Structure formats: structure tokens, C-alpha cells
Amino acid sequence: MIYTHNNNELTIENLGETVKLKGFVAKKRDLGNLVFIDLRDQEGITQLAFYNENQLKEETLSIKNEYVIAIEGVVAERSSKNPNMTTGDIEIDVKKLDVLSTAKQPPMMVQDDTDALEDTRLKYRYLDLRRPYLKNIMKTRHLITKTVRDFLNEEDFLDFETPMLTKSTPEGARDYIVPSRNHKGNFYALPQSPQLFKQLLMISGFERYYQIAKCFRDEDLRSDRQPEFTQIDIEMSFVEQDDVLDVSERMIKRVMKAVKGIDVKTPFPRMTYAEAMRKYGTDKPDTRFEMFLTNLDEVFTDTEFKVFASTLKNGGSIQAINVEGGATTYSRKKIDALTNEVKKYGAKGLAWVKKDDGELSGPTIKFFSDNEIQALDTTLNMQNGDIAFIVADRLKVTRSALAFLRNHIAKALNLYDDNTFDFHWVVDWPMFEYDAEDERFYALHHPFTRAHDAHKDRLKDAPDKALAYGYDLVVQGQELGGGSLRIHDLAMQSDVFSVLGMDEASQQSQFGFLLDALQYGTPPHGGIAFGLDRLVMILTGTKNIRDVIAFPKTASAHCLLTEAPSPVSNAQLEELGLIKKTRDE
RNA sequence: GGUCCUGUGGUGUAGCGGUUAACAUGCCAGUCUGUCACACUGGAGAUCGCGGGUUCGAUUCCCGUCAGGACCGCCA
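It should be emphasised that the depicted structure is a prediction, and the values quoted were computed from it without experimental measurement. (Residues numbered from 1 in each chain as written. Chains lettered and ligands numbered in written order. Predicted model: local features only at pLDDT ≥ 70, side-chain atom pairs only at ≥ 80, totals over all residues. Heavy atoms only, no water.)

Asks: Explain the layout of surface pockets here, please?
Replies: Regions of empty space are outlined by a rolling probe, equal in size to a water molecule, passed over the atoms. As a volume, the second largest pocket reaches approximately 760 Å³. Lining the second largest pocket are 25 residues, and of these Tyr176, Ile177, Pro179, Pro565 and Ser566 sit closest to its centre. Put simply, the parts of the chain that give the lining of the second largest pocket at least two residues each are β7 (177-179) and α16 (570-576). Class assignment of the residues belonging to the lining of the second largest pocket gives a composition of 17 nonpolar, 3 polar and 5 charged. (1 Å grid on protein atoms, 1.4 Å probe; cavity = no way out; pocket = protein on both sides within 12 Å on 5 of 7 lines; lining within 4 Å. Points joined across faces, edges and corners; volume = space filled by probe spheres on them. Helix = DSSP H or I, 4+ residues; strand = E, 2+ residues; numbered from the N terminus. Nonpolar A, V, L, I, M, F, W, Y, C, P; charged D, E, K, R; others polar.)

Written as C-alpha cells, this is what we have:
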């Protein structure tokens, strides 16, 4: 070994010891006859001191930032200490210096407060990762996966690998496709998740499966979505919903303790999907604050106000949130800004009323009857100083607009704390959602989700009324994980495929292997998958998923470091039986 | 697919229809024995993303394009 200690280890206890250290030159401070170098390694920083007595000080002249060096020296007490560093009481009186590698001037400052823009950071990701900020996130990520593995291993889960080259399936996200050389004209798909394989493992008689699994989805990206991401994937057989939730809760509890030192209370609260949609307008409510959605349909049943009347006539809904004490905060200008935001979600406008001196006011008030004003006041329970925002639109738009507003306003008004972790379950998801445009049903979770025992028959006569054994884990308004009990009998599986509009032939060609497998004895089973990247984001307080992935891609799925994706040679295409077309062809 | 924001020395920003293109940091040279964002002095470093247009004149205004970012659609 060319070193005896890491750069976070030496303290006043080690005074007088001869040690060897290694690392990158983080900073050189040349005071003339005395030179300091901050030596950075994976673990921390130790200050090196070079004096005039030997020739070493001269050697430091050629040393620049990011050189890789190894030194030998004696631990000495600093005459002026730095309380901000763990090694701030000591420095190394260097006796021997080895330059292991030189470095060009880096295109960015390798410091936590680097001001380099993200494209520069991504192109030189290996430099970016030298920064303690990212290093600590990567360490946290490791601590999370280690804790998860320890826990699941203790609970007798088996760690499996499932294929990366697999079958493209309909439904769900767009697949990443890999051409086959042996079978020209045919393609593998990269897995969107190991869903079917883990179910097949249950059918194989394995009872507890887990995998920290890479998943691929070729969809447009967001600040919390990457084309390849990682799931903590779990499946269990001979279990009921409570068993999956229980294991999940204990796992999260363990992670929270290990990473944040926080004891979270289990079991987590549960809320039905219907309740979440009704009170929060979303399937992933932030429960750190209230400001519930209030339905005003009754208030305006007979209204003369055309906008509201036509909304109701068309089957839409009028709903509001009351921002307590928000009247003074929200000036016309700010309300206009909110209105613009809300339009993104399809809302055509944003009505509002304020209450002052016991009177409601607002630009739409003049269209309301006295009875309506009175009912509005009581229904929203408005107090002086409150402002309520009202959206009237299709139920879906009304809810998503208000759900957005609720989060947006709570953030602006500081109604919650980033260190509050409101883990809760959203349960009893519907099996399907009807898409009016496509005139068909889509699975709300996925097509392998089991319907409630009491709702089996609804699959045939009222699919939209069938509830599923589906559950999502939500924290801070984000979906952290989701799962379900799975279908374990052929009849229900075929029924579900039928609801989704798949005839017998396409069921066979797409999912024949699953339908076959279900016929050879299938234990009841279920599971869950957690978004590891999101978990790391939440626990490190990061707003950007790129910061929790060592080598992430840009918003257009481009890797600035390797420049993937990139063209391939004609020979490669030929071998795969592919013909290249330009964009316009 | 759509909307919006950004693109100026190595890095990050400022700026403006005519400038010697400014500032910080980094870099180079020098002084300095207690720094830790060392300090001080001096210096080098920019076809203002790319293409086209308007104009006597464009880094600045307009159009297109490329790249990065945010959001909507999309993501079972």
C-alpha cells in the first residue's frame, strides 16, 4: 500500500507519527518560504506543510491542482487550527513527495461551490464526481442499497438477476430496442422492469425475491426521470397485501434510521385512492399540510354564472382550496402568475375570492347570488384574511390544477418542512381508467394486478368500478414505490387482457408464456418496487436526479461524457440486417 | 409533439445597434513563514454557439438551427 491513512483520519492523537498519504491536490497556498497543500481523497482533506529546510518546498513549485501525489511525513500540531475541518488540528510535515500523475488545468473548479454549468459537469463527469458534494451522495446511495440488502437478506429474500435482453411488450412505456444478429428482423427489448420474471420466479416456487434492478423506459425525461433508472424490486408468494406493506415499512424504517438517524413510526397511515383524489386531487398527496380540495358543485347547482353553469352541465366539477391567511400574500400580479401556471394543466382560468371584514370579494363575486356567496363562505369555512382559489373544469383538470396549486402555494408559504417524512400508503387503486379519446381502458397500475375478491365479476360488467389490490408508497408528495398483489389464475388474467382490448390471439403472442405458466400451479403472490434514485434524492434533499446517478444523461437522453448515442458502422448495420434512414426519409 | 428560459476568455456571469467587450474566479510571472476562498503586484487569455436576414454598421434586433435546462403531453 502506498498509504497508511485516509485523509479524514488523522487527529491530534496521532502527533509525531510518521504516515503516508495519497490523493489529489485540492489547493496549493504558497506563502513563499512556506507552502500548504490541501490533499483530497475519497474520505476527506488533510493539510500538508512544506518548509524551506529541505528541497521539497522547491518541488512544490511544479505542483498544480488535481495532480495526484503520495507523501510521507510526520503528523504535527498546527499553530493556527481550523475548526471547520475534521483534520483541522493537525498537518503533515512532509519529508518525501512523489508525483504520481500530473494534470491539465481542469475545465471546472473541483469544489463544492463550483459554478460550472451542468453540461460542462456532465462532459467531465469524472471531475465533477471528485467534488465532496457528489461523493457524499454516492456514499449515501451505497448506504441505502447496503441497508436494503442487509435487511432483505435477513428476511430470507433471495437476490436474483433477470434478463436485460428480453421481450418487447405492449402497454406501458416505449421500449428500448436491441436488434438481434441471429434472428434478423427481430428485436430484444431492454426491461421496463423485471415484473414478469419475478412473477415467474414465484411460479417457480421461490417465495421471496429481490433485485436492485436497472430498468429502461424510452420516454421524455424530467428532473426526476432518467431513461435508465434503478428499482428496489421485491416479490413474495403466499402473502396478502398486509404482508407486503409490512415488509416495506420495516425496510423503509431501517433505511431512515441508517441514513437520517430518524425513527419513523410504523405502520404508515393508509388512504384510499378515492380519498386521495377527493381531498388532494392527486394519487400522490403531500400530507405534511392540509389545504384540502373542497367540492363546490352543490353550491353552484343553479348558478347563473355561465362558466360554472356550463362546467356542471358538461359533467365537470367546481372545486376550491382555501389558503388560510393568504389574502395579503396574493396580489393581483401573483394571482395572474398562478393563473398562468394553472393553465399548463388545462384549466381555462382561476377564480378567487378573498374575505375581509366578514365580506367576500373578488372579480367573479358579482356573478354569484346572495345564496351562493353565503354557501361558498360556509362550505369553504372562510375566515377574514383567507383567499380561496376556484377551478371549474373537467374533473381531471380541476383536480390536477388544484393539486398543483396546493403544492405550489404550500411551498411559497413555507407550510412544510423538508425534514418531515410523511410516509403513507395510497391503497385500493382502481383496476382501470377509461380513456375517452382512445375509447378503451388502460390499466392504472399494470395488467397483472389482481382485482379485489369481491370485484372479480366487475371485470366483465363494470371494469371501471373494479378495485385492485394495488398500493403506492408516497412521501412528500412523491411516489416512492408501488406494487400490487398479482393475478394468479388464468381466468382473471384473460379477463383483464380482454378489458384492455386484447383478443385471444394477441394475448397468446404477447403474453403466451405467462398464460401458460399460470396453468401449472401458481401461488398467490404480490410485491412492490421502490424507485432507488428517488429515494436517494429524498434522503439527500437533491432536486435533480442527475445528482444521484454516477453517469447520468441529459434531458434529451444524451450522454455528454461518451457521446452516446452515436452512429455505428455500415458493417455493423449489415450484420444486424438493418438499413439506416435519415431523419426526413 | 408543445410552451418557456439559457448560450459572451478555461469556468461562471455583466453588458450594449457603433465599447479598447466589463467583472469574478482560474491560469502565468513575481513578493511573502501560518495559510485554509491566503494576501499583494503585474501579465496572457474571447472569431460573443452556428447559419441566414434587417441595417451604413449586429455580440446586441428578427428568423432558422444546434446544445443545455424547466414544465405540459408522455412515463402500465
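Asks: Any chance you could explain the sheet that holds strand β13 (residues 317-323) here in plain terms?
Replies: The pairing of strands in a sheet happens through backbone hydrogen bonds and is either parallel or antiparallel. Taken in spatial order, the 5 strands of this open sheet run β12-β13-β16-β14-β15, and their pairing is antiparallel. Looking at the sheet topology across the chains shown, the edges are occupied by β12 (294-295) and β15 (359-361). Examined bridge by bridge, β12 and β13 share 2 bridges and lie antiparallel to one another. Looking across to β13, one finds that Thr294 is bridged to Ala320. Along the sheet, helix α10 (residues 370-379) contacts β12, β14 (351-356), β15 and β16 (387-393); its crossing angle with β15, the most-contacted strand, is approximately 100°. Lying on the sheet, helix α11 (residues 395-412) is in contact with β13 and β16; it crosses β13 at an angle near 10°. (Pairing = 2+ DSSP bridges. Contact = heavy atoms within 4.5 Å. Axes fitted to C-alpha atoms, helices over the stretch in contact; angles between N-to-C directions.)

Asks: Mind showing me how you'd approach the packing of aromatic side chains here?
Replies: The geometry of an aromatic ring pair is captured by the separation of the ring centres together with the interplanar angle, meaning the angle of the planes. What the rule picks out here adds up to 23 aromatic pairs. Counting every residue linked through ring pairs, the aromatic cluster contains Phe268, Phe421, Phe423, Trp425 and Tyr471. Cation over ring: Lys22 sits above Tyr3, and NZ or CZ is 4.0 Å from the ring centre. The ring of Tyr442 carries Arg440 above its face, with NZ or CZ at 3.8 Å from the centroid. (Phe/Tyr/Trp six-rings, centres within 6.5 Å; stacked < 30°, edge-to-face > 60°. Lys NZ or Arg CZ within 6 Å of the ring centre and 35° of its normal.)

Asks: What is the right way to read the confidence of the model for chain A from this model?
Replies: Close inspection of predicted coordinates is inappropriate in any region flagged by low pLDDT. A residue-level look at chain A finds 99% of positions with pLDDT of 70 or above and a mean pLDDT of 94. Model confidence for the complex: the whole-complex pTM is 0.95, and ipTM, which rates the interface, is 0.92. (pLDDT = per-residue confidence, 0-100.)

Asks: I keep staring at the protein's contact with RNA strand B and nothing clicks. Help me out?
Replies: With respect to spatial proximity, 52 residues lie near RNA strand B, and among them Lys27, Asp30, Tyr51, Ala443 and His445 are the closest. Protein-proximal atoms of RNA strand B, defined as those within 4 Å of the protein, fall in sugar or phosphate at a share of 56%. Interatomic distance of 2.9 Å between a side-chain N/O atom of Lys27 and a phosphate oxygen of RNA strand B. The separation between a phosphate oxygen of RNA strand B and a polar side-chain atom of Ser223 is 2.8 Å. Among the secondary structure elements, those contributing two or more residues to the surface near RNA strand B are β1 (18-30), β2 (34-40), β3 (45-51) and α2 (118-123). Residue composition of the surface near RNA strand B, grouped by class: 16 nonpolar, 18 polar and 18 charged. (Near = heavy atom within 4 Å. Polar contact = N/O pair within 3.5 Å; in protein donor to acceptor, adjacent residues only side chain to side chain.)

Asks: Got a minute to help me understand the sheet that holds β2 in this structure?
Replies: Spatial ordering of the closed barrel is given by β1-β2-β3-β5-β4, a layout of 5 strands whose pairing is mixed. The average undirected angle you get between the axes of adjacent strands in this sheet is 55°. Bridge analysis of β1 against strand β4 (residues 68-77) gives 7 bridges, and the strand direction is antiparallel. In the strand pairing of β4, Leu21 is matched with Ile71.

Asks: I keep staring at the side chain of Asp128 and nothing clicks. Help me out?
Replies: Among the secondary structure elements, Asp128 is positioned in helix α3 (residues 125-128). Asp128 gets classed as buried once you look at its relative accessible area, which sits at 0%. Side chain to side chain, Asp128 and Arg121 meet in a polar contact 2.8 Å long. Not counting residues within four places of it along the chain, the set of residues in contact with Asp128 comprises Met108, Arg121 and Leu134. (Buried < 20%, exposed > 50% of the residue type's maximum accessible area, 1.4 Å probe, protein only.)

Asks: What's the story with the nonpolar core in this structure? I'm lost.
Replies: What tends to happen in soluble globular proteins is that the nonpolar side chains get buried as a cluster. Counting residues in each nonpolar core, the largest one holds 44 residues, and the members touching the most others are Leu152, Ile234 and Phe423. With 7 residues, the top contributor of residues to this core is helix α6 (residues 241-260). With near-sequence residues (within four places) excluded, Ile234 lies in contact with Leu152, Phe157, Lys198, Tyr209, Tyr210, Met251, Arg486, Gly527, Ile528 and Phe530. Ranked by size, the runner-up nonpolar core spans 22 residues in total, among them Leu338, Val342, Leu350 and Phe389. (Core = buried A, V, L, I, M, F, W, Y, C linked by side-chain atoms within 4.5 Å.)

Asks: What is the right way to look at the packing of helix α4 (residues 132-154) against helix α15 (residues 532-540) in this model?
Replies: Between two packed helices, both the angle of their axes relative to each other and the distance between the axes serve to describe the pair. Following both chains from N to C, one finds α4 and α15 inclined at 120°, their axes separated by 10 Å at the closest point. Comparing the axis directions of α4 and α15 gives the class oblique. In the crossing of α4 with α15, the sense of the turn from one axis to the other is right-handed. Within the contact between the two elements, α4 uses Ile137, Thr140, Arg141, Ile144 and Thr145 and α15 uses Leu532, Asp533, Leu535, Val536, Leu539 and Thr540. When grouped by side-chain class, the residues that make up the contact of α4 with α15 number 6 nonpolar, 3 polar and 2 charged. (Parallel < 35°, antiparallel > 145°, perpendicular 65-115°, else oblique. Left-handed = near helix turned anticlockwise from the far one by under 90°.)

Asks: Looking at this structure, I do not really get helix α13 (residues 490-499). What am I missing?
Replies: Along an α-helix, residues three or four positions apart point the same way, because every turn accommodates 3.6 residues. The complete set of buried residues in α13 reads Met492, Gln493, Asp495, Val496, Phe497 and Val499. Remark: Gly501 follows α13 within two positions and exhibits a positive phi of approximately 85°.

Asks: Explain α10 here, please?
Replies: For α10, the set of buried residues is Glu372, Ile373, Leu376 and Asp377. For α10, the angular spread of buried residues about the axis comes to 135°, placing them on one side. Those residues of α10 that are exposed and angled more than 90 degrees off the buried face are Asp370, Asn371 and Thr378. Next to the buried residues of α10 lie β14, β15 and β16. One or two residues past the end of α10 sits Asn381, with phi positive at roughly 50°. (Arc of directions from axis to C-beta.)

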